[in-house]
Structure formats: C-alpha cells, structure tokens
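Chains, contacts and geometry: an overview
Residues per chain are reported as follows:
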Amino acid sequence: MSELTLTLLRLGFLALLWILVLSVVAVLRRDLFGTQVTRRKTPEASVLRPARRRPPASAPPGNAARTLVVTEGSLRGTTISLGQAPILIGRAPECTLVLDDDYASGRHARFSLQAGVWMLEDLGSTNGTFLGRTRVENPTAIEPGTPVRIGRTVLELRR
C-alpha cells in the first residue's frame, strides 16, 4: 500500500472518530440541559383563555365537559375551552397544551370526544398517565372533576 493511501485512511479514520466524539458530547449536553420549551404563537381562536359564561358554538353536546383546567403544576390555572377537536398534551411544541414537565413525554396523552363522552388515551408515555390513582392503559372515559395526572401536572375536566 502506498504512503498516500495509508495517510488518507488514517485521516479518514481520525475524522470519523471526531464525529463520534462530537455526537456523544451533543447527546450528553442535551440530556444535561433538558429540552427547550419554545413559546409558540397561536391563532386568536385557539389561544388559551379563561372559561366563558356562554359555551362556544362548537361546544360538546349534553352534559359533556366544556373546559380543561390545570389544577397543579407549572401551568396551574390554565384553562382550555373544549370543542370537538382532540386535545394533545405533552412537551412537544405541536401539542395543544405544552407542558414544561420533566416527567411528561413529547406526545404524552390525548383527550378526545367520542359519542358525547370525553376519552383519555395514553400515547405510550414513559411515566404513564393516571386517572385518579389508576394508570391508564386503554382509552378510558373521563367524568368531569376526576383528576388526571401527567408527570407533576394535574388536569381536570369541568362543565
């Protein structure tokens, strides 16, 4: 093998080794400093706002809950008016309710309206979703007033 080929192989191996080292450092840095929660601008219609006296035009029928309230955690007091659309909860920026909670997954849980009843579904989270003291394994119907725990955050459906 020529001297030039051997030198190029050594330099290529050295470059691959540095790429490996830098990627390990990046992963460690991301784990140490956590996920950055970004504030996102939302259209006026979907802004988190206090509960209304009159239900919105797209309110769920009958005795179904009309608001989702955060009762414990860093977003305590946050209220989301419910309509027909599902509510996605987690740490990812595309979620309807973005949690700043180390124990919540990126896409942790989903509230959805099915036949006039709100259902809670865990989306394969690491730490689980709890309805009262019971871990949610399958889509489960939720009664208004029952606490839903996602990490350190507690949510509640209200009429």
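In this text, all values refer to a predicted model and were calculated from it rather than measured experimentally.

Moving on to the confidence of the model for the chain. Looking at the chain as a whole, its pLDDT mean stands at 83, while 81% of the residues score no less than 70. When mean pLDDT is taken per element in the chain, strand 10 (residues 147-150) scores highest with 94 and strand 2 (residues 79-81) scores lowest with 89. This stretch, residues 42-47, has a pLDDT under 50; its non-local contacts, to residues over four places away or in other chains, come to two contacts.

As a general point, the strands of a sheet are linked pairwise by backbone hydrogen bonds and lie either parallel or antiparallel. Reading across from one edge, 4-3-5-6-9 is the order of the five strands in this open sheet, with mixed pairing throughout. Edge strands, defined here as strands with exactly one partner in the open sheet, are strand 4 (97-98) and strand 9 (140-141). Bridge count for strand 3 (residues 87-90) against strand 4 is two bridges, and the pairing is parallel. In the sheet register, G90 faces strand 4, and the bridge partner there is V98.

Rules used throughout
Residues numbered from 1 in each chain as written. Predicted model: local features only at pLDDT ≥ 70, side-chain atom pairs only at ≥ 80, totals over all residues. Heavy atoms only, no water. pLDDT = per-residue confidence, 0-100. Helix = DSSP H or I, 4+ residues; strand = E, 2+ residues; numbered from the N terminus. Contact = heavy atoms within 4.5 Å. Pairing = 2+ DSSP bridges.

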